[in-house]
Amino acid sequence: TFRVLLQGVPENINLEELKKHIESYKEFYEPHHIHASSVDSEYADFNCHVYVYDPDLRNTDHALQCLLESLVDNFKIAHPAIQREFKKCLFESDI
């Protein structure tokens, strides 16, 4: 369809619902740069960035794998990609 050719957001994907789903994992917060596009008439491609609380990414590996699997199973996302980031605390000193 035209939506697939333009890589538009699939009709069955609600970005706000996806954002809330990601935020339901305690390891991640503030999903941003959220993009979903149609791969075909049934599946979508999805990528976003999330902030993590723990600076040791190994501690979020399991949660990330569970989240990726849930996106495939619950949202019919064929290719989920999530980039983890750190957010510097506004109250930290630069020293």
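Look a little higher up for the structure.
Quick caveat, the model's predicted, so the values are computed rather than measured.

Scoring rules and cut-offs
- Residues numbered from 1 in each chain as written.
- Predicted model: local features only at pLDDT ≥ 70, side-chain atom pairs only at ≥ 80, totals over all residues.
- Heavy atoms only, no water.
- Helix = DSSP H or I, 4+ residues; strand = E, 2+ residues; numbered from the N terminus.
- Buried < 20%, exposed > 50% of the residue type's maximum accessible area, 1.4 Å probe, protein only.
- Arc of directions from axis to C-beta.
- Contact = heavy atoms within 4.5 Å.
- Polar contact = N/O pair within 3.5 Å; in protein donor to acceptor, adjacent residues only side chain to side chain.
- Salt bridge = Lys/Arg side-chain N within 4 Å of Asp/Glu carboxyl O.

## Description of unusual backbone geometry
Then comes step 1: Not every positive phi belongs to a glycine, and Glu30 is a case in point at roughly 50°.
Then comes step 2: Residue placement: Glu30 occurs in strand E1 (residues 28-38).
Then comes step 3: One non-glycine residue, His33, adopts positive backbone phi at about 50°.
Then comes step 4: Turning to its location among the elements, His33 is positioned in strand E1.

## Digging into helix H2 (residues 15-23)
Then comes step 1: Those residues of H2 not exposed but buried are Leu18, His21 and Ile22. Axial view of H2: buried residues confined to an arc of 100°, hence all on one face.
Then comes step 2: Its buried side turned inward, H2 meets E1, strand E2 (44-52), helix H3 (61-75) and strand E3 (77-85).
Then comes step 3: Sitting at the head of H2, Asn14 places a side-chain oxygen 2.9 Å from the backbone nitrogen of Glu16.

## Quick notes on the pattern of salt bridges
Then comes step 1: Here the structure, examined in full by the defined rule, presents three salt bridges.
Then comes step 2: With a closest N to O distance of 3.2 Å, Lys26 and Glu27 form a salt bridge.
Then comes step 3: The class of Lys26 is exposed, set by a relative accessible area of 67%.
Then comes step 4: A residue is classified by how much of its surface remains accessible, and Glu27, at 19% relative accessible area, is buried.
Then comes step 5: With a closest N to O distance of 2.9 Å, Arg58 and Asp56 form a salt bridge.
Then comes step 6: Judged by its relative accessible area of 27%, Asp56 falls in the partly exposed class.

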